[in-house]
Each structure stands twice: as structure tokens, then as C-alpha cells.
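# Structural overview
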Amino acid sequence: MQSRRSDEPEISASEPALRIIMRRLRQIMAEAGDGQSRLDKIVRHVAGVMVAEVCSIYLKRRDGSLELFATEGLNPAAVHTTRLKRNEGLVGRCAELGTPVNEPDAQHHPAFSYRPETGEEIYHSLLAVPILRSGQMLGVLVIQNHAFREYSDDDVETLQATAMVVAEHLVSGAVANAEADAEISRSLAATISGEILSEGIALGHVVLHEPRIVVTKFTADDPVAELKRLESAITELRAALDEMLEQEQLATDGDHRDVLEAYRMFAHDRGWERRLREAVQSGLTADAAVESVKNRSRARMLRNADPYWQERQRDFDDLSDRMLRILAGRSSSEHLPADMPADTILIARTMGPAELLDYDPKKLRGLVVEDGSAQSHVAVVAKALGIPALGQAEGVVEHVGPGDAAIIDAETGEVYLRPLPDVISAFSDKVRFRARRQKKYGALRDVPATTKDGQRVELNINAGLVYDMEHLEESGADGVGLFRTELQFMVSRTLPRLERQAQSYRQVIEAAGGKPIVFRALDIGGDKMLPYLHKVKEENPALGWRAIRMSLDRKALLRTQLRALFRATAGGELRLMIPMVSTAAEMVRVKELFDAELGLIRRKGMPCPERVRLGAMFEVPSLLFELDDLFRLVDFVSIGSNDLMQFLFAADRTNAKVASRYDVLSVAPLRALRQVLQAGRRHNVPVTVCGEIAGRPVEAMALIGLGFRSISMAPAAVGAVKSMILSLDASEIEREMERLLAQGEKDMRRALLRFARHAGVDH
Ligand code: PEP
Ligand code: MG
């Protein structure tokens, strides 16, 4: 028997090349040795199995160039010396296009670039494949031969699968070499911009919501059995999609249906099935086949800028992920990670408020979603949990893997994926700075929010979950100015019954420790859909069957809630406000229903509050023309500026393209707010503001300038707003506001910022 070098492959004629390579790669990774020697072994081994005279690994550097990191066959002196510029030569072209380059006569190809130091002039044929991971180009794996060799599809497939495994090992740090590691980290670092949903900064590690399964086994021990596994997974996938399409609820929902139809089309695509089969027949596991086919398709799509095709690619990625979950034996609803890191940065294509609450809030550091807008309810929940969150972070899911390090900067709207050490240290400083600022605000906790000229401003918090209530104590706020009762409904999978509602209100009241709470009657609809109530899709849900419109049609819903609130506030005071009131007549109907219900409970001698105050939210501009009629009916008014602004400007608050197009700090909305406040004064009815604008220092300063003395905001905003108030002279800002409105100031924000700077207001 001939003796073999220990790192030489055992080649048996019948064993597919890929399987041999995979087996050997596993061994190499398990062996001791530094990163460079591992890369050297990989190229030597791949060259041997693929019967190539040359095998090289080029890794991408920060400037986009490709550096030769390891080679078998080329001049060893060229390693770490040869660098190809972006798009230079066939290797550069492979990286640029993200697809294999297969050239039997490479030297006569117009893109060929001759590098004398490598000694490659004697090699005629070349096969280069990109080393891709999570859509990121890490480098290029190349084989070359003297002969004019026509590399087969099998060769291409084998080299691509090898590149995939190499990529995983590079990222997992298995090829640990100080220099290689540093280069790899640089090529992997990415920054994605998004819209701020909830402010703050977070450092942590990625958990993918409905995560992609990470393939760890690449070669199949029994290809025949593997083919069976693949076939049964395809059948299961198709059946699951058919079932989803048949569901009555989805059948009426156009968007979902379109997506599912597209998935079904892909799932029945013969080309896809054929490519999967071929990959398994070449020795890959079914899982690795799915990943490999997906990567190839992604690489092709990288070249296609057409948004339609990019969207189709996203569908295809999702479908592949579903398939991987089936292969891993996980149900598609099983989305929670078994072991969530203590510093979880949750990354999702889309996320509902209920889903977010499925995660352990103690371990959640931040959230990044590909859709979502600042006014959506997942943003509300993120704020309630006090975690920074970004929305509209396009492509983020494809750019990360579970466990990757990530930093969310929800001050500038950026997420840093796999950040470099200097970025991490800069952010650690930022976090420390914020902690100091929080400490400063914390020190103001028990200081009353009084302006320099002695005007007391009532600062309340907005809440909606029991979680929020601890912020009341922490922030030192005066009470809860808006308790969004629908959140309990949104986080529950079925309609909460009377006693369950009452119990949760009791918990909230108890947690408030005697501070007042303004409950808001159910505000469902618009951006707050409940799957168990909204069976019919509306064209314009924000203008649709929502909030009080729904409650007046489904009186049982409102009655049940009223009874639950009466029970929970028995013997005390109930403050309740009605959302989305559009006419005074609507308020009359609500009042009748409220009085009738309370009368009934009292007559029956059942527990009920001693005092009640019934208010209206001011969110619909039609009320501007019925102010006196409205104020005659109510005990208080709270301005919901989020909705009021969307209706005043006709700009959908959930549509990022238009949501921030109009500034609330401009003449029209400020005049509207002033009119409401003046009407309140005429009728001696308090008017407060509880939309997002109350939580931003400059906006809050403008509100005080208009005359508001009670505002309600997200708990995290209380410290900054209080600090602003303590440095403000209320009569000065009132005069300034009067002047700016009278002159119809065109750039109100700039003018107010200038005022704040000159007057030394902390903003
Ligand atoms: C508002 O519209 O301003 C408001 C406070 O209510 P929500 O954001 O819950 O619609
Ligand atoms: Mg509203």
C-alpha cells in the first residue's frame, strides 16, 4: 500500500468530489493550526480533488480590491502581494457579477488581466466562483488548469458548494488568523439606514425573527434517502401553501394572497425542483441544496436592479427559508429562539406588536424591521418596552445571520452589522454618555416641571401595557395621560373577556400607585387591526371602520369594556376618553350609552366608580368646525396629534414616504391646536395633548407657547421635556409664538430652534 500525506484526500473513484471535499474541510477546520495554514490546506485539497493545477482564494478588502490570500499552484510569493482592483480580470469580474466565470481559454478573454508575479501565464482554463455569505461578497475561489479545460456543470456546482462552506467557516472565525480575520471583518461590516421608530442606542447580537435555518451539514451520507427527504419536503411545502391559500380569512386579503400565490408559483417551478434534485444528486444534503440554489439565484439577482425582480427574489428567499424550516422539522409558527442571548437585537422583515411581546423583554435590546413606521403599533410597543427600534431598514434580513454582532443607533437611524472594533468602542462611549444624561434626567425625577417664570406644566406618560407602568414611577410623571386599552386586545390572540379586561385595568391602577390614569376606549382599526375582528379588508383603513365607529356599531364591545372599567375603578374615579370622534352627535350617542350603562350598574348595586369624567380625543379635523358643540358635551379633551396631523395634511402616518413630509411645527397645525385650546378655555374644559409631538422638546416648547399646561408623552421623553421646561420662560415663548403665528412664519421649526438657542432652552 502506498503511503499518503495526512492532508491528502482519500479519493475513491465512486465518491462524488463534493462529498470528499466536504469531509476534508470538516477535518481541516477541526485540526489545530493557524488561519493561514488552514486556508493553505483548503486550496491544496480542493486542487487535488478537482484535478486542477491551481486553486486560489482571493478575499475582498475594504477598498473593493481582491487580495490573494492562499494558493496552490501559483507562485507562493504572490500571496498577500497580488491585489486585483475592483472588476479587474476574470476574478474581479466574478466578484463584481456575483456569478461563476467559466473560461476554457482565459488568456484570450478580453477581461483577462496578466499578473507576472503569480506565474499564471501557463494556465489556460479558469473557473472562478464567488464566496458569498448572507448576500455579502467575501471573495472568490478559483481553480485553473494548463489544458483548455471545459469545466462541467458538476465542477461549477462543486466549487460553488465549496465556496459556501468556506464562507461559513470564514465568518464563524474558524479560519482564525489575525490578518485574515481583520480583513474578513472589514468586508463583512455593513451599515443600513432606517426610520427611527423608538429612540435609543443598543449593542447586542442578532436574533432573526422567523430565522433562517443555518445549514450545518453539507454532505449527505445516503443520497438516495436524501432525495426522498427533499421530495417529501417539497410536497409538504406545497401542501402548506395550498392550505394557507384556502383559508377563508386570507382569501379576502389581496396582499397576502398575492404573496402566497407567488410562493406557490415558485414552489411548483420545475426549474427550481430540478436544480434542487441535481444538487442533492451531486452529494449535497437537501438543506445545503436549498441554500445553494438560493445563493445562486441571489447572485444572479445582484445584477438586476429592477425592483420587481428584487421583490420576487425576496419571495424566493422566504420560500427557501420555509423549505429549510420544514427540512429542520420545525413548524413555521415556531419562531422563538430556544436560547435568546441576553443582549438580543431582533431583526425581522415585518413584526406585529403581539409577536414582539412573545420575546422576553428582559433580553431584548433593540428591534430592526424592514417595514414599519414611527406611528405603527409595533413602534408603540417598542417604546413601551423602552427599546430602540428602526423601521424601513431595507434588505437588513438578508444581510445578517443569527448571532452576528449589531448596533442600533436610533438617534441617527442606522444599524451597524458586524461592526468593527472602533465602531463598537465609539458606541460604547455613546451609551455611557446617554447613561450619564439619563442620570441627569433621573435626578430631575422629583423636581416639579415648572418653568423659570413659575408655570407648572403637568407631564403625563402614554401607556398601554402593564410593562409601561413601571416607567411612571421611574420618570416621576404626574400620571397616565393616555392609556391605550386596545394594546391588551392586540397582544392577545382572542377577544379578552370582561373579567380579564377588568383584571388588567386593576393591575394598571394598582401599578399607578394613586396617580391618575386616563383610559382610552378601544381604538381598533386603522393601523391597529385585530385579526379576529377585521375579516373584511378596507381600501383606506385609517379612514375606515375604526375606533368609536366600530364601538357604536358593535355596542357589546364597548359595553363590555365599560363594565370592565367600572369594575376596576369601583369606589374611585374613572377617566375615560373616546378616540376618533368625528362629530358632536357621535359624542352624544357615546354619552347616552355610557350613562345608560352606568345607571344600570348602579341600579343593580354592582361595584362602580364614584366619580366619572368622560372626554373626547381630538383627532379628526371636522371637529374644528363644531368646537362649541363638542366642548358642551365633554369633561375634557385630549388632542391626538398623530391622527389629527395625518388627517389635516392628508398624509398617511404609517407611510414612511409621506409621514414626515409635513412638519407639525408649521402654521396650519399650530393654529388648529390653538383654536381647540381657546375653545376649551371658553368652556372651562381642560385640553391636553397626547400625541407624539408632546414628547419632543422643541415641539413641547411650542405647545407651551400656545398655552398648553398639560401634555402626555412616551415615558422615555419625560426627562428631556422636563429639562426643557425647567430652562424655559413660559411668557417669553408665548409672546414669540404669538408673533410667529401672526406673521405666518414659513420656517417655524428654524425660528423656534433659534429662539431656544438664544433663550438658553435645553432642547
Ligand atoms: C394620536 O392619534 O395622536 C394618539 C395619541 O393615538 P394613537 O397614536 O394611539 O392613534
Ligand atoms: Mg389616534
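Notes on the structure in this doc start here. Keep in mind that what you see is a predicted model, and the values were worked out from it rather than measured. (Residues numbered from 1 in each chain as written. Chains lettered and ligands numbered in written order. Predicted model: local features only at pLDDT ≥ 70, side-chain atom pairs only at ≥ 80, totals over all residues. Heavy atoms only, no water.)

### Description of the pairing of strand β9 (residues 200–208)
- Counting buried positions over the nine residues of β9 gives seven, a clear majority of the element.
- Two elements, β9 and strand β13 (residues 405–410), share six bridges in a ladder whose sense is antiparallel. Directly across from I201, in β13, lies its bridge partner D409.
- Bridge count for β9 against strand β10 (residues 344–348) is four bridges, and the pairing is parallel. (Buried < 20%, exposed > 50% of the residue type's maximum accessible area, 1.4 Å probe, protein only. Helix = DSSP H or I, 4+ residues; strand = E, 2+ residues; numbered from the N terminus. Pairing = 2+ DSSP bridges.)

### Quick look at the packing of helix α25 (residues 697–706) against helix α27 (residues 730–743)
- Packing of α25 against α27 leaves a shortest axis separation of 7 Å and a crossing angle of 85 degrees. One element, α25, and the other, α27, form an angle in the roughly perpendicular class. In this structure, α25 contributes M701, A702, I704, G705 and L706 to the contact, and α27 contributes A730, I733, E734, M737 and L741.
- Looking at side-chain class alone, the contact of α25 with α27 contains eight nonpolar, one polar and one charged residues. (Axes fitted to C-alpha atoms, helices over the stretch in contact; angles between N-to-C directions. Parallel < 35°, antiparallel > 145°, perpendicular 65-115°, else oblique. Contact = heavy atoms within 4.5 Å. Nonpolar A, V, L, I, M, F, W, Y, C, P; charged D, E, K, R; others polar.)

### Observations concerning the environment of R44
- By the element assignment, R44 lies in helix α2 (residues 35–49).
- Note: C-alpha distance between R44 and S56 (12 residues apart in sequence) is 8.7 Å.

### Section: the site of ligand 1
- Among the 14 residues in the neighbourhood of ligand 1, the closest are listed as R484, R520, E619, N642 and R653.
- With respect to ligand 1, the side chain of R484 contributes an N or O atom lying 2.8 Å from an oxygen atom.
- Within the backbone of G640, an N or O atom sits 3.4 Å from an oxygen atom of ligand 1.
- At the level of elements, β16 (479–484) and α22 (641–648) are the ones that each hand at least two residues to the shell around ligand 1.
- Its residues assigned to classes, the shell around ligand 1 comprises three nonpolar, four polar and seven charged. (Near = heavy atom within 4 Å. Polar contact = N/O pair within 3.5 Å; in protein donor to acceptor, adjacent residues only side chain to side chain.)

### Focus on the coordination of the magnesium ion (ligand 2)
- Note on the magnesium ion (ligand 2): its protein donors are E619 (OE) and D643 (OD). The metal-donor distances range over 2.0 to 2.1 Å. With E619 in the loop between β19 (611–618) and α21 (627–633) and D643 in helix α22, this residue pair connects regions lying 24 residues apart in the sequence. Of the two residues, E619 and D643, neither departs from the other in class, the shared state being buried. (Donors = N, O, S within 2.8 Å, 3.2 Å for Na, K, Ca; no water.)

### Re the sheet that holds β9
- As summarised here, the arrangement of the eight strands in space is β7-β14-β13-β9-β10-β11-β12-β8, forming an open sheet in which the pairing is mixed. The open sheet has two edge strands with one neighbour each: β7 (190–193) and β8 (195–198). Ignoring strand direction, the axes of neighbouring strands in this sheet form an average angle of 30 degrees.
- Bridge analysis of β8 against strand β12 (residues 389–391) gives three bridges, and the strand direction is antiparallel. Across the sheet, S198 pairs through a bridge with A389, a residue of β12.

### With respect to the packing of α25 against helix α28 (residues 748–759)
- Here α25 crosses α28 at 90 degrees, and the two axes come no closer than 10 Å. The pairing of α25 with α28 is recorded here as roughly perpendicular in orientation. Touching V698, E699, M701 and A702 of α25 are R749, L752, L753, F755 and A756, all from α28.
- Of the residues contributing to the contact of α25 with α28, the split by class is seven nonpolar, no polar and two charged.

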